[in-house]
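# Descriptive structure summary
What follows is the residue order along each chain.
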Amino acid sequence: MCISDLEQILGYTQAKTSRHISYLRNAGIVVPKKVDQWVFYSIKEEVTDLVKVLMEYFGKDHQLADDIERYDTLFDEKELAKYRLVKNNLVA
């Protein structure tokens, strides 16, 4: 996802979202990929299993459940940046 998507989902400011992404980048958890004017961040393949375990552990957290629900809604309503890129044939 890109920063603007994460802002909408988490309800954070751009500065706070960017700061947290930089922590994840520095820790080697996410990697950036620039596409058009957006930078998309994805979880590194090497840590996918760890992230799955963490998500299961935090799965009972109400805030995480709200964030996941907000993501699902934005995805279904085609409000995320990746949808616009796919629509314009910029990514597969």
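Before going into details, it helps to say that this report is about the structure given with it.

What counts and what doesn't
Residue indices begin from 1 for each chain and proceed along its sequence in written order. Under the rules for a predicted model, residues below a pLDDT of 70 receive no local features and side-chain atom pairs below 80 are neither given nor counted, while totals for whole chains, interfaces and linings still include all residues. No hydrogens and no water enter the side-chain calculation; it runs on all heavy atoms of the structure. In this scheme, patches are assembled from residues that exceed 30% relative accessible area and form no salt bridge. Like charges are connected within 9 Å, while nonpolar side chains (Val, Leu, Ile, Met, Phe, Trp, Tyr) are connected within 5 Å. The method behind every accessible area is Shrake-Rupley, applied with a 1.4 Å probe, and residues are considered shielded solely by the protein chains displayed. Salt-bridge detection follows one rule: a side-chain nitrogen of Lys or Arg within 4 Å of a carboxyl oxygen of Asp or Glu. We treat Lys and Arg as the positive residues and Asp and Glu as the negative residues; His and chain ends play no part in the count. Charge placement uses NZ in Lys and CZ in Arg. For Asp and Glu, CG and CD serve respectively. The helix and strand labels rest on DSSP assignments: H or I over at least four residues marks a helix, E over at least two residues marks a strand, and numbering proceeds from the N terminus. Here's how the labels work: a residue is buried when its accessible area is under 20% of the maximum for its type, exposed when over 50%, partly exposed in between, all with a 1.4 Å probe on protein chains only. Only Phe, Tyr and Trp rings take part, Trp by its six-membered ring, and two of them pair if their centres are within 6.5 Å. Stacked means planes under 30 degrees apart, edge-to-face means over 60, and tilted covers everything else. Remark: a charge is flagged as sitting over a ring if the NZ atom of Lys or the CZ atom of Arg is within 6 Å of the ring centre and within 35 degrees of the ring normal. Pairing of N or O atoms within 3.5 Å defines a polar contact, subject to two protein rules: one partner must be a possible hydrogen donor and the other a possible acceptor, and residues neighboring in sequence count only if both atoms are side-chain atoms. Whether two residues are in contact is decided by their heavy atoms: any pair within 4.5 Å suffices. Whenever a helix is involved, its axis is fitted only over the stretch in contact; in every case the axis is a line through C-alpha atoms, and angles between N-to-C directions fall within 0 to 180 degrees. For this classification, under 35 degrees means roughly parallel, over 145 means roughly antiparallel, 65 to 115 means roughly perpendicular, and everything else is oblique. Crossing handedness is defined as follows: a turn of the near helix away from the far one that is anticlockwise and smaller than a right angle gives a left-handed crossing, while the clockwise case is right-handed. Just so you know the grouping, Ala, Val, Leu, Ile, Met, Phe, Trp, Tyr, Cys and Pro go in nonpolar, Asp, Glu, Lys and Arg go in charged, and all remaining residues, Gly too, go in polar.

### Regarding a negative patch on the surface
Taken together, D61, D66, E69, D72, D76, E77 and E79 make up a surface patch of like negative charges. Here E79 is to be found in the loop between α4 (62–76) and α5 (81–87). Overall, E79 belongs to the partly exposed group, its relative accessible area being 37%.

### Brief notes about the packing of aromatic side chains
The description of an aromatic ring pair rests on the distance of the ring centres and on the angle between the ring planes. Summed over all chains, the structure comprises two aromatic pairs. The interplanar angle of 70° and the centroid separation of 5.2 Å between the aromatic rings of Y57 and F58 together place this pair among those described as edge-to-face. Here the guanidinium or amino end of K16 rests over the ring plane of Y12, the centre of that ring lying 4.3 Å away.

### Description of the side chain of D67
As for its placement among the helices and strands, D67 is situated in helix α4. At 3.2 Å, the side chain of D67 and the side chain of R70 are in polar contact. If sequence neighbours within four positions are ignored, D67 has contacts with I9 and L10.

### Quick word on the pattern of salt bridges
Using the criterion set out here, one finds two salt bridges in the structure. One salt bridge connects K44 with E46, and the closest N-O pair in it is separated by 3.6 Å. Look at K44 and you get partly exposed, because its relative accessible area is 27%. In this structure, D67 engages R70 in a salt bridge whose closest nitrogen and oxygen atoms are separated by 3.2 Å. Taken together, the residues D67 and R70, both in helix α4 and three residues apart, mark about one turn of the helix. The partly exposed category is assigned to R70, whose relative accessible area is 33%.

### Here's the deal with the packing of helix α1 (residues 3–10) against helix α2 (residues 14–26)
Interaxial distance between α1 and α2 falls to 9 Å at its minimum, and their mutual angle equals 110°. By the angle between their directions, the pair α1 and α2 is classed as roughly perpendicular. Crossing of α1 against α2: the hand is right-handed. For the pair α1 and α2, contact is made by I3, L6 and E7 and by Q14, T17, S18 and I21, respectively. Taken together, the residues that form the contact of α1 with α2 break down as three nonpolar, three polar and one charged.

By themselves, these are just geometric observations and shouldn't be taken as functional.
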